[in-house]
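What the coordinates show
For reference, the chains in residue letters:
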Amino acid sequence: MPKQDFNINTKSGAAGDTYGINITNSQRNSYVAADDSIAYGVAVQKAGDRKCKAGILSTGEITGISMRSNNLEALNRPSDGTVKFRKGDVLSVMEGGYIQVIAQEAVAQDGTVYVDSLTGLFYATKADGRVAAINCKYYLSASAGDIVPVYIEVYVTPPKP
């Protein structure tokens, strides 16, 4: 009997996908896109009541990471895979758990996550416009351009004394 091989259609994941058996052991929430800046698998920050936009707070907190959903149309025709949430779209945001993102440069397991404050993209080195995330770590090592899982913890603002 011939051996079936399904690897032609199965990638290791995509930006915004959950990682592993994380579905029941994660915290997710719904937000409304405050602008057109959010793509799949980017860091988001709160931008008002139940709204968010791509980026990170200057203090290093990530509200969450945008999750992939299969109900959006491609941004370009013919499609190159680029999808963005439009202002007013409802999106799922991973606030705590494992989720996959695109490493913009080579990253190391347990390394510091630097996030571009405007685009929400993920880096391993400090540079202008990038902020070190205090509630996120790289779960594995990866090369530039690869999909890599990160672990994000729900950030709770400490109470004022």
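Residues numbered from 1 in each chain as written. Predicted model: local features only at pLDDT ≥ 70, side-chain atom pairs only at ≥ 80, totals over all residues. Heavy atoms only, no water.

**Considerations on the side chain of E61**
Structurally, E61 is set in the loop between β3 (51–54) and β4 (64–66). Of the buried charged residues, E61 lacks a salt bridge, with K46 as the closest side chain of opposite charge at 10 Å. A distance of 3.3 Å separates the side chain of E61 from the side chain of Y155, its partner in a polar contact. Those residues in contact with E61 that sit more than four places away from it in its chain are I56, I134, N135 and Y155. (Helix = DSSP H or I, 4+ residues; strand = E, 2+ residues; numbered from the N terminus. Buried < 20%, exposed > 50% of the residue type's maximum accessible area, 1.4 Å probe, protein only. Lys, Arg positive; Asp, Glu negative; His and termini not counted. Salt bridge = Lys/Arg side-chain N within 4 Å of Asp/Glu carboxyl O. Polar contact = N/O pair within 3.5 Å; in protein donor to acceptor, adjacent residues only side chain to side chain. Contact = heavy atoms within 4.5 Å.)

**Some details on the packing of aromatic side chains**
How two aromatic rings sit relative to each other is given by the distance of their centres and the angle of their planes. Summed over the entire model, instances satisfying the criterion amount to four aromatic pairs. On the basis of an interplanar angle of 70° and a centroid distance of 4.8 Å, the ring pair of Y98 and Y139 is categorised as edge-to-face. Of this pair, Y98 sits in strand β5 (residues 90–102) while Y139 sits in the loop between β8 (130–138) and β9 (147–152), and the two are 41 residues apart along the sequence. The structure contains a cluster of three or more aromatic residues connected by ring pairs, namely Y19, Y98, Y139 and Y151. Above the ring of Y31, the side-chain terminus of R50 is found at 4.5 Å from the ring centroid. Across the ring face of Y123, the terminal group of R130 is positioned such that the distance to the ring centre comes to 3.6 Å. (Phe/Tyr/Trp six-rings, centres within 6.5 Å; stacked < 30°, edge-to-face > 60°. Lys NZ or Arg CZ within 6 Å of the ring centre and 35° of its normal.)

**Points about the environment of V93**
Looking at the element boundaries, V93 is found in strand β5. Classification of V93 by relative accessible area gives buried; the value is 0%. Taking C-alpha positions, V93 is 13 Å from A47, a pair spaced 46 residues apart along the chain. With near-sequence residues (within four places) excluded, V93 lies in contact with Q27, R28, N29, Y31, V44, C52, G64, I65 and M67.

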